[in-house]
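A structural walkthrough
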Amino acid sequence: MQDTDAIDRTILSILSREARIPMKTLAGRVGLSRSATTERVTRLEKAGIIRGYRADIGQLDDGQIQAFLLVTLKRTPSIGVLDRLAGFASVRKVSSVSGQLDLVVEVEVGSINALNELRNEVSTLENVEDLTTSIVLRRDIERS
């Protein structure tokens, strides 16, 4: 970070934890006037050091299980498999990837039984050669 001093770094540290902090409160914590603090924040935004403010929202429903279905196809492309995957309400995202796998299917279900049922249905689709399931334990970093 070029042209930043200890006060700028303190501002950044506070904003990284409390992005919605009122400017008056932030100014009080760093020992500057509100206008001086606002000028510094504006300068940090214009310099691209502060790129935005966001809400970091955790999982809304603790009962939901998120998983990845890692699919290998017998042949590609397979529009039929994609059409069938689009029909499952629990499928959130499908990505075609390079390498040994062909598709990464992100799903969200209400239970392990529902995950097993979905997994069984997907594995029996025509043109699906292999399927591996990875359950998401937690999301450590998630950006939109």
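Structure first, text after, so check above.
Let us look at the structure shown here. Small disclaimer: the values here were computed from a predicted structure and weren't measured.

Each value, and the rule that gives it
Residues numbered from 1 in each chain as written. Predicted model: local features only at pLDDT ≥ 70, side-chain atom pairs only at ≥ 80, totals over all residues. Heavy atoms only, no water. Helix = DSSP H or I, 4+ residues; strand = E, 2+ residues; numbered from the N terminus. Polar contact = N/O pair within 3.5 Å; in protein donor to acceptor, adjacent residues only side chain to side chain. Contact = heavy atoms within 4.5 Å. Pairing = 2+ DSSP bridges. Axes fitted to C-alpha atoms, helices over the stretch in contact; angles between N-to-C directions. Buried < 20%, exposed > 50% of the residue type's maximum accessible area, 1.4 Å probe, protein only. Patch = residues over 30% accessible without salt bridge, like charges linked within 9 Å, V, L, I, M, F, W, Y side chains within 5 Å. Areas by Shrake-Rupley, 256 points an atom, 1.4 Å probe, with all protein chains shown as cover. Salt bridge = Lys/Arg side-chain N within 4 Å of Asp/Glu carboxyl O. Parallel < 35°, antiparallel > 145°, perpendicular 65-115°, else oblique. Nonpolar A, V, L, I, M, F, W, Y, C, P; charged D, E, K, R; others polar.

As for its position among the elements, Asp8 is in helix 1 (residues 6–17). Looking at Asp8, its side chain comes within polar contact range of the side chain of Arg40, at 2.8 Å. Ignoring any residue separated from it by four or fewer positions in sequence, one finds Asp8 in contact with Asp3, Arg40, Arg43 and Leu44.

For residues that are not glycine, phi is negative in most cases, and the peptide bond is trans in most cases. With an omega of -10°, the peptide bond running from Thr76 to Pro77 counts as cis. With respect to the helices and strands, the residue Pro77 is situated in the loop between strand 1 (65–73) and helix 4 (79–86).

Time to look at the sheet that holds strand 3 (residues 103–109). Here we have 4 strands laid out as an open sheet, ordered 2-3-1-4, and antiparallel in their pairing. Two strands in the sheet have a free side with no partner beyond their single neighbour: strand 2 (91–96) and strand 4 (128–135). Neighbour to neighbour, the strand axes of the sheet diverge by 20° on average, direction disregarded. The sheet contact formed by strand 2 and strand 3 spans 5 bridges and is antiparallel.

A few words now on the environment of Gly80. By the secondary structure assignment, Gly80 is in helix 4. For the pair Gly80 and Leu125, spaced 45 residues apart in sequence, the C-alpha to C-alpha distance is 8.9 Å.

Turning our attention to the pairing of strand 3. Burial analysis of strand 3 places 6 of its 7 residues in the buried class, the great majority of the element. Here strand 2 hands over to strand 3 after 6 residues, with Gly99 in that stretch at a positive phi of 105°.

Below, the discussion takes up the environment of Asn116. Relative to the elements of secondary structure, Asn116 occurs in helix 5 (residues 112–123). Each C-alpha atom of the pair Asn116 and Thr133 lies 9.4 Å from the other, and the pair is 17 residues apart in sequence.

Below, the discussion takes up a nonpolar patch on the surface. Residues Ile79, Leu82 and Val94 make up a contiguous nonpolar surface patch of roughly 220 Å² in combined accessible area. Following the sequence through the fold, Ile79 ends up in helix 4.

Here we come to the pairing of strand 1. Moving residue by residue along a regular strand, the side chains alternate between the two faces of the sheet. Summarising burial for strand 1: 8 of the 9 residues are buried, a large majority. Judged from the 7 bridges that link them, strand 1 and strand 3 form a sheet pairing that is antiparallel. Within strand 3, the residue paired with Leu70 across the bridge is Val104. One ladder, built from 7 bridges, connects strand 1 with strand 4; its direction is antiparallel. Paired with Leu73 across the bridge in strand 4 is Val128.

In contact at an axis separation of 9 Å, helix 2 (residues 23–30) and helix 3 (residues 34–46) are set at 95° when each is read in the N-to-C sense. When the interaxial angle is binned, helix 2 and helix 3 end up roughly perpendicular. Residues Met23, Lys24, Leu26, Ala27 and Val30 of helix 2 form the contact with helix 3, whose participating residues are Arg34, Thr37, Thr38 and Val41. Here the residues of the contact of helix 2 with helix 3 sort into 5 nonpolar, 2 polar and 2 charged.

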